[in-house]
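Spelled out, the chains give:
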Amino acid sequence: MKLLEERIKKDGIVLPGNVLKVDSFLNHQIDPELSKAMGEEFARLFGDAGIDRVLTVEASGIAIGVMTALTLHVPLVFARKKKSALINEPVYTHRVFSYTKKEYADILVLQKFLPAGENVLIIDDFLANGEAALGLAKLVEEAGSKVAGIGIAIEKAFQPGHQRLLDKGYHLEALASIASLEGGTIRFTAED
C-alpha cells in the first residue's frame, strides 16, 4: 500500500535490533485517516472471504482492526494481554512472545466473543516472528472457527513470521513489506 509505505519512509525511525518505530502514526499516536485507508484496503483484500468477525490484540491492532471491521460491517474483538478482575467467564488463552518488548504475555478472549463456526480475519500492526498472529490463530481454532485470513499493516519480511504463517497454510496479506532495515535505511520488498 503506497500510502503506508510513504508514511513509513517519512516518519518511521529505525532503532537498533531491527526495530521500526512508527509511534507517530500507528501505535502511540494514531492517524485516523491512514487507519481508515488501511481498514478499507484489508476489507478489499479479504472481502470475498465471508468474514464474520475481526480479531486483533490490544493495543496497537485495535485502530486498524476497528476500521477493517467497520468497512466489513462485522464486530471487532481484541485479545487482552492482562486478565481484568471483571473477567470471570470462560476464556480462550494462549501465551505469546513479543519481539519488540522481549517478554511473554498471555493473550485471552472471552469465549462468548469468539463463537464456533465463524470465518475470522486476524488483523495486527506488525509481523516479525509471527508469535502474535499464530497465538491469535490458535484462539480462533480452539474456538472451533476458521482463520479466513491474516492482515498485517507492516511486515518485516527478513524475519521468519511471514514464512511461518504461510507454512501453516494461512492466507496472509501485508500492506507494507520491509525487506531490510540495514544501516538505518528502510527498504521495501517492492523495491527489490
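Thresholds applied
Residues numbered from 1 in each chain as written. Predicted model: local features only at pLDDT ≥ 70, side-chain atom pairs only at ≥ 80, totals over all residues. Heavy atoms only, no water. Helix = DSSP H or I, 4+ residues; strand = E, 2+ residues; numbered from the N terminus. Rg over C-alpha atoms; globule rule 2.2 N^0.38 Å. Buried < 20%, exposed > 50% of the residue type's maximum accessible area, 1.4 Å probe, protein only. Contact = heavy atoms within 4.5 Å. Core = buried A, V, L, I, M, F, W, Y, C linked by side-chain atoms within 4.5 Å. Polar contact = N/O pair within 3.5 Å; in protein donor to acceptor, adjacent residues only side chain to side chain. UniProt positions renumbered as here; feature names shortened; annotations may be inferred. Expected span 1.5 Å × (residues − 1). Pairing = 2+ DSSP bridges. Right-handed = clockwise from strand over helix to strand, strands pointing away.

**Q** Can you help me understand the overall build of the chain in this one?
**A** In terms of helices and strands, the chain carries five helices and 10 strands. In terms of overall size, the chain behaves like a compact globule, its C-alpha atoms giving a radius of gyration of 16 Å where 192 residues would be expected to give roughly 16 Å. Its C-alpha atoms give the chain principal-axis dimensions of about 50 × 35 × 35 Å. The burial tally for the chain puts 46% of its 192 residues in the buried class. Looking at the chain alone, contacts between residues at least 24 apart form 62% of all its contacts between residues at least 6 apart.

**Q** Sorry, what's going on with the nonpolar core here?
**A** Note that soluble globular proteins tend to have their nonpolar side chains buried in a common cluster. If you look at the biggest cluster of nonpolar residues, it comprises 29 residues, and the most contacted ones within it are Leu4, Ile8, Leu20 and Ile154. Elements with a contribution of two residues or more to this core: helix H1 (2–11), helix H2 (32–46), helix H3 (62–72), strand S7 (119–127), strand S8 (146–156) and strand S9 (172–180). When residues in this core are grouped by element, the largest group, five residues, is from H2. Leaving out residues up to four positions away in the same chain, Ile8 has contacts with Leu20, Phe25, Ile154, Ala176, Ile186 and Phe188. If you look at the next biggest cluster of nonpolar residues, it comprises 25 residues, including Ala133, Leu139, Val147 and Leu165.

**Q** Where do I start with the environment of Asp11 in this structure?
**A** Inspection of the secondary structure puts Asp11 in helix H1. When near neighbours in sequence (up to four residues on either side) are disregarded, Asp11 contacts Lys21, Ser24 and Phe25. Side-chain polar atoms of Asp11 contact the side chain of Arg7, separated by 2.6 Å.

**Q** Any chance you could explain the UniProt feature "binding site: 5-phospho-alpha-D-ribose 1-diphosphate" (unreviewed entry) in the chain here in plain terms?
**A** Under the present numbering, the feature "binding site: 5-phospho-alpha-D-ribose 1-diphosphate" (unreviewed entry) in UniProt falls on Ala128, Asn129, Gly130, Glu131 and Ala132. Note that Ala128 resides in the loop between S7 and helix H4 (131–142). With a relative accessible area of 11%, Ala128 lands in the buried category. Residue position: Asn129 is located in the loop between S7 and H4.

**Q** Whenever I open this one, the environment of Leu15 confuses me. Can you help?
**A** Tracing the backbone shows Leu15 in strand S1 (residues 13–15). A relative accessible area of 35% means that Leu15 is categorised as partly exposed. Once the C-alpha coordinates of Leu15 and Phe46 are considered, the two residues, 31 residues apart in sequence, prove to be 32 Å apart.

**Q** Which parts of the structure should I look at to understand H2?
**A** Each full turn of the α-helix corresponds to 3.6 residues, which orients residues three or four apart in the same direction. For H2, which comprises 15 residues, the first-to-last C-alpha distance of 21 Å matches the rise-based estimate of 21 Å (1.5 Å per residue) to within 8%. Of the residues making up H2, those classed as buried are Leu34, Ser35, Ala37, Met38, Gly39, Phe42, Ala43 and Phe46. Of the surrounding secondary structure, the elements contacted by the buried residues of H2 are H1, H3, S7, S8 and S9. At the N-terminal boundary of H2, the capping side chain belongs to Asp31, with an oxygen 3.0 Å from the backbone nitrogen of Glu33.

**Q** What is the right way to look at the pairing of strand S4 (residues 76–79) in this model?
**A** Two faces make up the sheet, and in a regular strand the side chains alternate between them. Alternating positions in S4 separate cleanly, Val77 and Ala79 being buried on one face and Leu76 and Phe78 remaining unburied on the opposite face. Here four bridges tie strand S3 (residues 53–57) to S4, and the two strands are oriented parallel to one another. Across the sheet, the residue bridging to Thr56 is Phe78, located in S4. Note that the unit made of S3, H3 and S4 has a crossover that is right-handed.

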